[in-house]
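A look at the structure
Here are the chains, one letter per residue:
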Amino acid sequence: MADIIGIRFREVGKVYYFDPNGEQLRKGDRVIVETSRGIECGEVAMANRQVADSAISHPLKKMIRKATQEDLDRVSANKEKEEKAFAVCTQKIREHKLKMKLINVEYTFDNSKILFYFTADGRVDFRELVKDLAYIFRTRIELRQIGVRDEAKMLGGLGICGRPFCCKTYMGDFQPVSIKMAKEQGMSLNPVKISGTCGRLMCCLKYEQDAYTDLLKHTPKIGAIVNTPDGKGTVIDQNLITGNLTVSLHKAPNAAPHNYKVSEVTIIKDGQIKVDKAEIERLKRLEKN
């Protein structure tokens, strides 16, 4: 068995696993560790836990130490430096007339590197910008282009539901979301109604999908032919949550449709949920990261 801890470097970021180096740590403790980016200060998201050696795919790096007050003071100082670096970089972007939007700046704990995160519609030649920044800050400079979802996660805000963004408050990683999910959940394929503030499909479509997938197993789809207490008919509308169906009876196609509960009908031939190719093409950009 191996003793491990989980460490997060951003407020709602991915959790990375380290060897606690014999220390007993609690959730919320600040620690100093070595990562691929250099020495960093992170927060314990998962306290000491025993796992089987076979569950560890590669040797874990050892924690360097529990953060001291001096370490925390350096983190605070780096935050102030990041604000100044943001202003300088923004000015240089304007001077070079680059079509890019600066989103965030991060100093590594040991100040060995500064990371500048930006968005842009396409590729950007920022070589001259990097030279200017390296000359000003006298350290390694890295510019990273991110997507609009990452931008929303970094900046935060309120969603159309009125609550803080899911990605900012508790979602560690983004999951792929598709137009088909919106269709299966009976939502109008109106970009305004199915996209978040970032302009991409709402993340909540993904974590509600399992419930809808289960409901669709027991609910006749629109277009399904069913047996009702009043004879055969075709489902013309459904409500997955309430289990209500609207059925047009074959014996009276011109009459008003009847309403039934799912438990009152049996499926003769189920329908299919189809997304028109033209709709997919029109909404394709909503599926991008």
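Look up a bit, the structure's there.
Each chain carries its own residue numbering, running from 1 in the direction its sequence is written. Predicted model: local features are reported for residues with pLDDT of at least 70 only, side-chain atom pairs are reported and counted for 80 or more only, and whole-chain, interface and lining totals are derived from all residues. For side-chain calculations, the full set of non-hydrogen atoms in the structure is used, while hydrogens and water are omitted.

**Quick notes on helix α8 (residues 209-218)**
Inclusion rule: Residue burial is assigned from relative accessible area. The probe radius is 1.4 Å, only protein chains are included, and a residue is buried under 20% of its type maximum, exposed over 50%, and partly exposed in between. In DSSP terms, a helix is any run of H or I states spanning at least four residues, a strand is any run of E spanning at least two, and both are numbered starting from the N terminus. Each C-beta atom gives one direction from the helix axis, and the arc is the one those directions make. Residue contacts follow a heavy-atom distance rule, with two residues in contact if any of their heavy atoms lie within 4.5 Å.
All of the buried residues in α8 are Q209, Y212 and L216. Down the axis, α8 shows its buried residues gathered within 60 degrees of arc, on one side only. Structural note: α8 exposes D210, K217 and H218 on the side pointing more than 90 degrees away from its buried face. Summarising the contacts, the buried residues of α8 are in contact with α5 (179-184), α7 (204-207) and β10 (231-239).

**Details of the environment of Q272**
If you trace the backbone, Q272 turns up in the loop between β13 (266-269) and α9 (277-283). Owing to a relative accessible area of 60%, Q272 belongs among the exposed residues under this scheme. As a C-alpha pair, Q272 and T108 span 164 residues in sequence and 52 Å in three-dimensional space. For Q272, the residues in contact, after removing those within four places along its chain, are K221 and I222.

**Here we look at the packing of helix α1 (residues 69-96) against helix α2 (residues 127-137)**
Note the threshold: In this analysis, axes come from line fits to C-alpha atoms, helices being fitted only over the stretch in contact, and the angle between any two N-to-C directions falls in the range 0 to 180 degrees. Handedness of a helix crossing follows the sense of rotation of the near helix relative to the far helix, less than a right angle counterclockwise being left-handed and clockwise being right-handed. Under the convention adopted here, Pro, Cys and the residues Ala, Val, Leu, Ile, Met, Phe, Trp and Tyr are nonpolar, Asp, Glu, Lys and Arg are charged, and Gly plus all remaining residues are polar.
Running from N to C, α1 and α2 cross one another at 145 degrees; their axes reach a closest spacing of 10 Å. The interaxial crossing formed by α1 with α2 has right-handed handedness. Of the residues in α2, those touching α1 at A85, V88, C89, K92, I93 and H96 are E128, L129, D132, L133, I136 and F137. When the residues that make up the contact of α1 with α2 are grouped by side-chain class, the tally is eight nonpolar, one polar and three charged.

**Brief notes about the pattern of salt bridges**
Defined as follows: By convention in these notes, a salt bridge is any Lys or Arg side-chain nitrogen within 4 Å of a carboxyl oxygen on Asp or Glu.
Throughout the structure, instances matching the rule amount to 15 salt bridges. Between R37 and E106 there is a salt bridge whose closest N-O contact spans 3.0 Å. Here R37, found in the loop between β3 (30-35) and β4 (38-51), pairs with E106, found in strand β6 (residues 101-107); they are 69 residues apart in sequence, far enough to count as distant. Residue classification places R37 among the buried residues on the basis of a relative accessible area of 17%. Across the salt bridge formed by K180 and E184, the nearest N and O atoms sit 2.4 Å from each other. Of this pair, K180 and E184 both sit in helix α5, four residues apart, roughly one helical turn. Residue K180 is classed as partly exposed on the basis of its relative accessible area, which comes to 45%. Judged by its relative accessible area of 13%, E184 falls in the buried class.

**Considering the side chain of K92**
Mapped onto the fold, K92 is located in helix α1. Residue contacts for K92: discarding those within four places in its chain leaves L129, D132 and I136.

**Regarding unusual backbone geometry**
What is expected of a backbone is that most residues other than glycine have negative phi and most peptide bonds are trans. Located in the positive-phi region is N21, a residue other than glycine, with phi close to 60 degrees. Note on placement: N21 falls in the loop between β2 (15-18) and β3. Positive phi, close to 55 degrees, is recorded for R138, a residue that is not glycine. Relative to the helices and strands, R138 resides in the loop between α2 and β8 (140-145).

**Side note on α1**
Rules: For a helix, the expected span equals 1.5 Å multiplied by the residue count minus one.
Across its 28 residues, α1 extends 40 Å between first and last C-alpha, which sits within 8% of the 40 Å expected from 1.5 Å per residue. Looking only at α1, the buried set comprises D71, V75, N78, E82, A85, C89, K92 and I93. The inward-facing, buried residues of α1 abut β3, β4, β5 (65-66), β6, β7 (113-119) and α2. Positive backbone phi, approximately 55 degrees, marks K97, located one or two places after α1.

**Here we look at the nonpolar core**
Convention followed: In this description, a nonpolar core means a group of buried Ala, Val, Leu, Ile, Met, Phe, Trp, Tyr and Cys residues linked to one another through side-chain atoms lying within 4.5 Å.
Of all hydrophobic cores here, the largest spans 16 residues; its most connected members are I93, M100, F116, L129, L133 and L143. For this core, the secondary-structure elements that each account for two or more residues are α1, β6, β7, α2 and β8. What M100 contacts, discounting residues up to four positions off in sequence, is I93, F118, T119, A120, V124, L129 and L143. Of all hydrophobic cores here, the second largest spans twelve residues; its members include I179, I194, M202 and V275.

**Comments concerning the packing of aromatic side chains**
The line we're drawing: For Phe, Tyr and Trp, rings pair up if their centres lie within 6.5 Å, where Trp contributes its six-membered ring, and each pair is then called stacked (planes under 30 degrees apart), edge-to-face (over 60) or tilted (otherwise).
In the structure shown here, the tally under the stated rule is five aromatic pairs. Aromatic pair F9 and Y16: ring centres 5.9 Å apart, planes at 50 degrees, arrangement tilted. The partly exposed category is assigned to F9, whose relative accessible area is 24%. Overall, the relative accessible area of 40% leaves Y16 in the partly exposed class.

**Looking at the environment of K66**
Counting through the fold element by element, K66 comes out in strand β5. Judged by its relative accessible area of 38%, K66 is partly exposed. On a C-alpha basis, the gap between K66 and D110 in space is 15 Å, while along the polypeptide they are 44 residues apart. Leaving out residues up to four positions away in the same chain, K66 has contacts with L25, D29, R30, V31 and D71.

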